[in-house]
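Remarks on the overall topology
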Amino acid sequence: MKYTAIYVRVSTLKQGSGLDSQEASILEYCRNHGITNYKVYEDRQTGSNLDRPSLKKLQNDIFRGRVDTVVVWKLDRLSRSLKDGINLLVDWLEQDIRVIAIAQNFDLSGAVGRMIMSLLLGIAEMERQNIRENIVRGLQRARQKGVLLGGSVPQYNYDEIISLKSQGMSVSGIARHLNCSRQTVYTALKQTKQLSA
């Protein structure tokens, strides 16, 4: 007899409570809809589909014909990329697997389900792309200001600070020019013994 698969995933190991709340909501959904024959698949680590042992197990169980429905909190729990997400869901829908995303109130089955799924995953991918572009722009602006990237706290280019100081610019003027704190300027000058110059 086929069963309903409940799949839950959190983005990091530290978000265990997020996984628990996803599972609790999905189990409540199952109770409210009379679904009693189910199996829970949990992934607590981040990474690609290859890093998710429970998702692999779920896919194997679908391939073996054990599953007829997959219930998730949101569609993005299944995949972080548009291409992988669409491929996964289309594959499941083509095998007549009913996919339900309870937080989004979607029941993805049939042609309409595939259309809705594509739109939702497309929007999610656009949001992720916007975030990536904002990060890249921020990093470019920081580099233009002379920020050395890579540490947990950005550090300014000390050579530029020393050069400005040697040109007679005040500590406050350097801080304003580089858009950094006066303490950053003092630290740079102290480390290079230029504070009294």
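All values derive from a computational prediction rather than experimental measurement.

A closer look at the pairing of strand E4 (residues 98-101)
With 4 bridges connecting them, strand E3 (residues 67-72) and E4 associate as parallel partners. Its bridge partner lying in E4, Thr69 is registered against Arg98. For the segment spanning E3, helix H3 (residues 82-94) and E4, crossover handedness is right-handed. Pairing geometry for E4 and strand E5 (residues 106-108), over 3 bridges, is antiparallel. Residue pairing across strands places Ile100 opposite Asp107, the latter belonging to E5. Following E4, the chain reverses through 4 residues before pairing antiparallel with E5; Asn105 in that reversal takes a positive phi of roughly 55°.

Examining the pattern of salt bridges
Tallied over the full model, the rule gives 5 salt bridges. Its salt-bridge partner being Arg66, residue Asp61 comes within 3.0 Å of it at the nearest N-O pair. With a relative accessible area of 0%, Asp61 lands in the buried category. Residue Arg66 is classed as partly exposed on the basis of its relative accessible area, which comes to 38%. Salt-bridge contacts for Asp107 lead to Arg98; the nearest nitrogen and oxygen are separated by 2.7 Å. A single network of salt bridges, built from pairs that share partners, joins Lys39, Lys57, Asp61 and Arg66.

Some points on the pairing of strand E1 (residues 3-9)
Among the 7 residues that make up E1, 7 are buried, leaving the element largely enclosed by the rest of the structure. By the bridge criterion, 5 bridges tie E1 to E3 in an arrangement that is parallel. Bridged to Thr4 within E3 is Thr69. Where E1 and strand E2 (residues 38-43) come together, 6 bridges link them in parallel fashion. Each bridged residue has a counterpart across the sheet, and for Ala5 the counterpart in E2 is Lys39.

What counts, and where the lines are drawn
Residues numbered from 1 in each chain as written. Predicted model: local features only at pLDDT ≥ 70, side-chain atom pairs only at ≥ 80, totals over all residues. Heavy atoms only, no water. Pairing = 2+ DSSP bridges. Helix = DSSP H or I, 4+ residues; strand = E, 2+ residues; numbered from the N terminus. Right-handed = clockwise from strand over helix to strand, strands pointing away. Salt bridge = Lys/Arg side-chain N within 4 Å of Asp/Glu carboxyl O. Buried < 20%, exposed > 50% of the residue type's maximum accessible area, 1.4 Å probe, protein only.

Coordinates in, geometry out; function isn't part of it.
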